Structures are given as structure tokens and as C-alpha cells.
Amino acid sequence: MAALGWLTPRRRSATARSVLAGEASAEAARKTAQALDAEAGPPAEPGETAEEAAARAAEEAEPAEPDFPVAGDDLAAAFFDLDNTVMQGAAIFHFGRGLYKRQFFHRRELARFAWQQAWFRLAGVEDPEHMQDARDSALSIVKGHRVSELMAIGEEIYDEYMAERIWPGTRALAQAHIDAGQKVWLVTAAPVETATIIARRLGLTGALGTVAESVDGIYTGRLVGEPLHGPAKAEAVRALAAAEGLELERCAAYSDSHNDIPMLSLVGHPYAINPDTKLRKHARAHDWRLRDYRTGRKAVKVGVPAAAGVGAIAGGAAAAIALHRRRK
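Calculation criteria
Residues numbered from 1 in each chain as written. Predicted model: local features only at pLDDT ≥ 70, side-chain atom pairs only at ≥ 80, totals over all residues. Heavy atoms only, no water. Buried < 20%, exposed > 50% of the residue type's maximum accessible area, 1.4 Å probe, protein only. Helix = DSSP H or I, 4+ residues; strand = E, 2+ residues; numbered from the N terminus. Pairing = 2+ DSSP bridges. Axes fitted to C-alpha atoms, helices over the stretch in contact; angles between N-to-C directions. Contact = heavy atoms within 4.5 Å. pLDDT = per-residue confidence, 0-100. Salt bridge = Lys/Arg side-chain N within 4 Å of Asp/Glu carboxyl O. Core = buried A, V, L, I, M, F, W, Y, C linked by side-chain atoms within 4.5 Å. Phe/Tyr/Trp six-rings, centres within 6.5 Å; stacked < 30°, edge-to-face > 60°.

### Describing the pairing of strand 1 (residues 77-81)
Turning to step 1, where the next piece is worked out: When you tally the buried positions in strand 1, you get 5 out of 5 residues, the bulk of the element.
Turning to step 2, where the next piece is worked out: Judged by which residues are buried, strand 1 turns out to be covered on both faces: A77, F79 and D81 on one side and A78 and F80 on the other are all buried.
Turning to step 3, where the next piece is worked out: When strand 1 meets strand 2 (residues 183-191), the two strands line up parallel, connected through 5 bridges. Opposite D81, over in strand 2, you have V187 as the bridge partner.
Turning to step 4, where the next piece is worked out: The pairing of strand 1 with strand 6 (residues 252-255) spans 3 bridges and is classified as parallel. Residue pairing for strand 6: F79 is matched across the bridge by A253.

### Details of the sheet that holds strand 7 (residues 269-273)
Turning to step 1, where the next piece is worked out: Spatially, the 6 strands line up as an open sheet ordered 3-2-1-6-7-8, and their pairing is parallel. Each end of this open sheet is capped by a strand with a single partner; those strands are strand 3 (206-210) and strand 8 (289-291). Shown here is a sheet whose adjacent strand axes are inclined to one another by a mean of 20 degrees, direction ignored.
Turning to step 2, where the next piece is worked out: Packed onto the sheet, helix 9 (residues 231-244) meets strand 1, strand 2 and strand 3 and runs at close to 145 degrees relative to strand 2.

### Points about the confidence of the model for the protein
Turning to step 1, where the next piece is worked out: On average, residues of the protein carry a pLDDT of 75, and 59% of them reach 70 or more.
Turning to step 2, where the next piece is worked out: For residues 1-12, every residue scores under 50 in pLDDT, and the model assigns this stretch 19 contacts once sequence neighbours within four places are set aside.
Turning to step 3, where the next piece is worked out: Here residues 296-328 scores under 50 on pLDDT; set against residues more than four positions off or in separate chains, the count is 66 contacts.

### Brief notes about the environment of V211
Turning to step 1, where the next piece is worked out: Looking at the secondary structure, you find V211 in the loop between strand 3 and strand 4 (212-215).
Turning to step 2, where the next piece is worked out: The exposure class assigned to V211 is buried, which follows from its relative accessible area of 13%.
Turning to step 3, where the next piece is worked out: Sequence separation between V211 and E193 is 18 residues; the distance between their C-alpha atoms is 8.3 Å.

### A short note on helix 3 (residues 91-101)
Turning to step 1, where the next piece is worked out: Burial analysis of helix 3 places 10 of its 11 residues in the buried class, the great majority of the element.
Turning to step 2, where the next piece is worked out: When helix 3 is considered as a whole, its buried residues turn out to be A91, I92, F93, H94, F95, G96, R97, G98, L99 and Y100.
Turning to step 3, where the next piece is worked out: Count one or two residues on from helix 3 and you reach Q103, which has phi positive near 65 degrees.

### A look at the pattern of salt bridges
Turning to step 1, where the next piece is worked out: All chains considered together, the criterion is met by 15 salt bridges.
Turning to step 2, where the next piece is worked out: Between R222 and E213 there is a salt bridge, and its shortest N-O distance comes to 2.6 Å.
Turning to step 3, where the next piece is worked out: Because the salt bridges share partners, they merge into one network encompassing K101, R102, E156 and E160.

### Some words on the nonpolar core
Turning to step 1, where the next piece is worked out: Counting residues in each nonpolar core, the largest one holds 44 residues, and the members touching the most others are F80, L186 and Y254.
Turning to step 2, where the next piece is worked out: When residues in this core are grouped by element, the largest group, 7 residues, is from helix 6 (residues 147-162).
Turning to step 3, where the next piece is worked out: The contact partners of Y254, leaving out residues within four places of it in the chain, are F68, A78, F79, F80, D81, T85, L173, H177, M263, L264, Y271 and I273.
Turning to step 4, where the next piece is worked out: Among the nonpolar cores identified, the runner-up in size contains 26 residues, and V187, L246, L248 and I261 belong to it.

### Topic: the packing of aromatic side chains
Turning to step 1, where the next piece is worked out: Tallied over the entire structure, the rule returns 2 aromatic pairs.
Turning to step 2, where the next piece is worked out: With a centroid separation of 4.5 Å and 20 degrees between ring planes, the pair formed by Y254 and Y271 is classed as stacked. Remark: Y271 occurs in strand 7 and Y254 occurs in strand 6; sequence separation between them is 17 residues.
Turning to step 3, where the next piece is worked out: A relative accessible area of 2% means that Y254 is categorised as buried.
Turning to step 4, where the next piece is worked out: An aromatic cluster of three or more residues is present, and its members are F80, Y254 and Y271.

Dropping the structure here:
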């Protein structure tokens, strides 16, 4: 039975490394946010004018709740998990596919990425050991490469694999906060560089993500602290809120995973988006708002209806297999 221990996610409290990871992520997020595109509104689709893009976003948007977000409340902000909350699938897997296409690594590593993504989708949970393995794999791949090189490649990978996997419903929620004059941050275990690219493309303020150490602009293959997961996410949000002068009771947070309960519990307006079983149960027990964009059924808050969204894409393992076949 000991061999099956990795199948069971374990609760972890915040550690010194969690705090370090959170503070490093908050510092990186504040620095990179200044470089993000300041233009408001959703990006236009190919051949679409700005006015048409705004009209499309309005059609996709869910009915806004009358009292939230509060327009002009500059002491509030919104924090969005990325994987399966904002985007279908795991960002690190899509990034890995893009690096494989560019021959950064070989078939064996791709198979490992595919298995990790398949487990993530089938089990419906984020297993810390799987995530650590994915981080270690990514770090070994990027070691010795320039940060600027990976950023440029990340822009291409977003267009190739991620742009079409953004949940319109979650994007509309983020846009509602932006329209209310609030800052909106991604909070993810994905590399902060990848998260920053996604945030910029979506017109968000910035991103909190796992910080990989670099010296003179070159990755060393080590992390600052630990992956931004579970308690570390909560520490990152806490640190950013303190630096930005935010009141967490007035802020909102959105996630699909029970691993993010520490982050969701920090704010006054927690939302469970496409929730796993444990988070759904916890959200119902604590009267948190619940929205599900994975099926045609309507999502629910206890006593408050919410519109449902689009269907999910095929599993990551199938995508990886298809990619491999095209390369043969």
C-alpha cells in the first residue's frame, strides 16, 4: 500500500519555503506588471475590430451580480487560479508540448508530460508529487537557457496551444473586475514567465507564479523557495495584498481545486470555478459561489443561479499522441 501513497494528495501547512516562494512570486509579479499592456478590454480575434471584440465579450459575459465587484473600490482586487479555472488543461503541459516541438527534449520526456496531464484530468486533483515532478522536468529542460529566449518562445506557444483554451465564462468574470477598476492577477504553480504572458494576452494586471532562479538572465535549474502551490499561493496573495495596500476581505479569488482552499479562504469573495469534488463539497458547506463551465448544466451557488459555459476539450494525453503522430 505504501507504493500507492502518491495517489493520495496530502494536506500541507505553510512552511518557510512556502512563504519564500509566495514573497518571491509577489515581488516578481509587481515588477512584471508594469510591463503589461495597459489597454483595457478583451483581445480581438483575427480580423475582428476592437468594437466587435467588445460586443463579443458582452455577449459571452454572464449577468453581473448587482453588488459585486464594486466599481471604484481600489482596495479590492481579484486573484484567479490558471489551470482548469481560466484555461482548460495545465499550462505547464501545453508549454512542454511547445518545447518538444522545438526539440528542447525528446519523446521520453513528452510521454511523462502526457501521463502527468492524463492523471490530472482523470483524477480531477492536483497531486503535489506529480506537480513537483513536472516542475523538476521543466527546470532540467530550461537550465542554461536565457530567460528572454523562453519568454519569446512562450509567446509563440500561447498562440499555438493556449489561446483557444481560455474559458469564456471565467474570462468574463475577470473582465468584470477590470471594468470595475480593479486589478486582476493570475495565481498559478506554472512558471511566472508563462503566467505573465497569459496575463498580458488577457489584459490582466499581472501574474503570481513559480519563480525559477536566474543569474545574469540565465536559468540555473533551481527554484526560489518551492512551487507556488497550495499554501504558497496563499502566502503570495497575502504578500501582494500587503504590498499593494489591499483589503483581502474586499477581494475575490477563483479556483477549481481544493488545494487552493487556503487562498480562497483569505478573501471575502471566494468562487469555486469548475470545482473538483472536494472543493465543491467545501464550497457548498461554506456558502461559496459555484460556477461550472465544463458542461451544459447550470452551475449553482447555494440559492444563487449562474450561467453555464462551454464543453471541455479532449484529454492532454490524446493531444500529445496526436502531436507525436504528426512528427513521425
